Amino acid sequence: MQGYNLIVVFSPDREKMLMCRRIKEPYKGLINFVGGKIEPGESGSHAAYRELFEETGISDRDIKLIHLMDFSYPLDPCYVEVYAGQLIPVSYTHLRAHE
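These numbers come from a predicted model, not from an experiment.

**Some details on the nonpolar core**
Counting residues in hydrophobic clusters, the biggest one holds 11 residues: Ile7, Val9, Cys20, Val34, Ala48, Leu52, Ile58, Ile63, Leu65, Tyr83 and Leu87. Discounting chain neighbours no more than four positions away, the residues touching valine 9 are Lys16, Met17, Leu18, Leu52, Ile58, Ile63, Gly85 and Leu87.

Structure (structure tokens):
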């Protein structure tokens, strides 16, 4: 069964959440959370950090992710692992400087 992840990133003060605008189809131009496919043989945690870095440049030095829950779709052969984390303050300042 194919696995996916969804990653919620909070600012250090927990007043903002990171959302991404899709640049490819499907759903080009719409906004969603960070996330993607879990590759065969890859742990869910490794996949979450990999997707987060690929899509945002945020690394495991910038955030500690917590595995919150999993859910599956009853009509599709897939499941989603949900992770969340709060940016470390120094990293957030660095990221804001590059906006």
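**Some points on the sheet that holds strand E5 (residues 63-72)**
Sheet architecture is open: four strands sit in the order E4-E1-E6-E5, paired in mixed fashion. Each having just a single partner strand, strand E4 (34-38) and E5 make up the two edges of the open sheet. In this sheet, neighbouring strand axes are inclined to one another by 20° on average, regardless of whether the strands run parallel or antiparallel. For strand E1 (residues 2-10) and strand E6 (residues 78-87), the ladder comprises nine bridges, and the chain directions are parallel. Considered in E6, the bridge of glutamine 2 is made with cysteine 78. Sitting on the sheet, helix H1 (residues 44-56) is in contact with E1, E4, E5 and E6, with an inclination near 130° to E4.

**What about the environment of phenylalanine 53?**
With respect to the helices, strands and loops of the structure, phenylalanine 53 is situated in helix H1. Using a relative accessible area of 46% as the deciding quantity, one classes phenylalanine 53 as partly exposed. A C-alpha to C-alpha distance of 9.7 Å links phenylalanine 53 and valine 34, two positions 19 residues apart in sequence.

**Quick word on the packing of aromatic side chains**
A ring pair, where both rings are aromatic, is described by two values, the distance of the centres and the angle of the planes. Scanning the model with the defined rule gives one aromatic pair in all. Taking 5.8 Å as the distance between ring centres and 65° as the angle between the ring planes, the aromatic pair formed by phenylalanine 71 and tyrosine 73 counts as edge-to-face. A residue is classified by how much of its surface remains accessible, and phenylalanine 71, at 31% relative accessible area, is partly exposed. With a relative accessible area of 40%, tyrosine 73 lands in the partly exposed category.

**Concerning unusual backbone geometry**
In this structure, the amide linkage connecting glutamate 25 to the following residue, proline 26, adopts the cis form with an omega of 0°. Note that proline 26 resides in the loop between strand E2 (20-21) and strand E3 (31-32). Here the phi dihedral of arginine 14 falls at roughly 60°; this positive angle occurs in a residue that is not glycine. Unusually for a residue other than glycine, tyrosine 27 sits at a positive phi of about 70°. Checked against the element boundaries, tyrosine 27 lands in the loop between E2 and E3. Assessed through its relative accessible area of 57%, tyrosine 27 is described here as exposed.

**What to know about the layout of surface pockets**
Here the largest pocket defines a volume of roughly 480 Å³. Forming the walls of the largest pocket are Cys20, Arg21, Arg22, Ile23, Lys24, Glu25, Pro26, Tyr27, Leu30, Asn32, Gly35 and Glu55. Grouping the amino acids of the lining of the largest pocket by side-chain chemistry returns five nonpolar, two polar and five charged.

What counts, and at which threshold
- The residue numbers shown here count from 1 along each chain, following its written sequence.
- Predicted model: local features are reported for residues with pLDDT of at least 70 only, side-chain atom pairs are reported and counted for 80 or more only, and whole-chain, interface and lining totals are derived from all residues.
- Note that water and hydrogens are dropped before the side-chain values are worked out from all heavy atoms of the structure.
- In this description, a nonpolar core means a group of buried Ala, Val, Leu, Ile, Met, Phe, Trp, Tyr and Cys residues linked to one another through side-chain atoms lying within 4.5 Å.
- Relative accessibility decides the category of a residue: with a 1.4 Å probe and only protein chains considered, values under 20% of the type maximum give buried, values over 50% give exposed, and everything between is partly exposed.
- For this analysis, residues touch if any pair of their heavy atoms sits within 4.5 Å.
- Strand pairing is assigned whenever DSSP detects at least two bridges linking the two strands.
- Per the convention used, a helix needs a DSSP run of H or I reaching at least four residues, while a strand needs a run of E reaching at least two, with both numbered from the N terminus.
- To obtain an axis, a line is fitted to C-alpha atoms, over the contacting stretch when the element is a helix, and the angle between two such axes runs from 0 to 180 degrees between their N-to-C directions.
- Note on aromatic pairs: the rings of Phe, Tyr and Trp (six-membered ring only in Trp) are paired at centre separations within 6.5 Å, and the planes decide the class, stacked below 30 degrees, edge-to-face beyond 60, tilted for the rest.
- Only protein atoms enter the 1 Å grid used here. Points where a 1.4 Å probe fits but cannot escape make up a cavity, open sets with protein on both sides within 12 Å along at least five of seven lines make up a pocket, and a residue lines them when an atom lies within 4 Å of a point.
- Grid points are joined across faces, edges and corners, and a volume is the space filled by probe spheres set on the points.
- Amino acids outside the nonpolar list (Ala, Val, Leu, Ile, Met, Phe, Trp, Tyr, Cys, Pro) and the charged list (Asp, Glu, Lys, Arg) are all regarded as polar, and Gly is one of them.

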